[in-house]
Amino acid sequence: MHDWLQKQLQRIWWTWDPSAPTTISQAYHCFNILEGCVWVMFSALVLQRYHQHRHSQWEIAYSLAFLSFGLTDFGEAWEQSTWLIAVKGLNVVVLFRLRYVIMKRFYPTAGLF
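Residues numbered from 1 in each chain as written. Predicted model: local features only at pLDDT ≥ 70, side-chain atom pairs only at ≥ 80, totals over all residues. Heavy atoms only, no water.

Undergrad: Please clarify how the overall build of the chain should be interpreted in this entry.
TA: Secondary structure summary: the chain contains four helices and two strands in total. Secondary structure elements in the chain, listed N-terminal to C-terminal, are α-β-α-α-β-α. Scaling as 2.2 N^0.38, a compact globule of 113 residues should have a C-alpha radius of gyration of about 13 Å, whereas the chain reaches 17 Å, well beyond that. The C-alpha extent of the chain, read off along each of the three principal axes, is 50 × 35 × 20 Å. Within the chain, the fraction of its 113 residues that count as buried is 32%. Contacts in the chain between residues at least 24 apart in sequence constitute 67% of all its contacts with a sequence separation of at least 6. Taken as a whole, the chain presents about 7700 Å² of accessible surface, with 70% of it coming from carbon and sulfur. Positive and negative side-chain charges in the chain, numbering 9 and 7 respectively, have mean positions lying 15 Å apart. (Helix = DSSP H or I, 4+ residues; strand = E, 2+ residues; numbered from the N terminus. Rg over C-alpha atoms; globule rule 2.2 N^0.38 Å. Buried < 20%, exposed > 50% of the residue type's maximum accessible area, 1.4 Å probe, protein only. Contact = heavy atoms within 4.5 Å. Areas by Shrake-Rupley, 256 points an atom, 1.4 Å probe, with all protein chains shown as cover. Lys, Arg positive; Asp, Glu negative; His and termini not counted. Charge placed at Lys NZ, Arg CZ, Asp CG, Glu CD.)

And the structure:
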């Protein structure tokens, strides 16, 4: 069982091969780079909001969660593996939880941002 789990966690599902790109793999690669940039931008926006209002240190954690999600997208642009998908899933849970706490406590009247 342990060997099976270890194999699954180390499994690589897709790898970017720039020497033989297909249309799908090229689109997937570019999309993940673009998506990573968007998450890094969200991280910067949350950090900017923290510097303006300084409501809570939780906003720094929220910004870092966006940054780490963006970094996983940059990694996913070159390789998709089970451990990366698991990290992304955990990161999404953390992002939603932090968003809920921060928006409810410090920005209850805010809409999207």
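There is more to say, and it comes next.
Undergrad: I'm lost on the pattern of salt bridges in this one. Help?
TA: Pairing is possible between side chains that carry opposite charge, provided their charged atoms lie close to one another. For the structure shown, the criterion picks out three salt bridges. A salt bridge links K88 to D73, with the nearest nitrogen and oxygen atoms 2.6 Å apart. Placement of K88 in helix 4 (residues 82-106) and of D73 in helix 3 (residues 58-76) is noted, with a sequence separation of 15 residues between them. Side by side, K88 and D73 carry an identical accessibility label, which is buried. Between E76 and K88 there is a salt bridge, with its nearest N and O atoms 3.3 Å apart. (Salt bridge = Lys/Arg side-chain N within 4 Å of Asp/Glu carboxyl O.)

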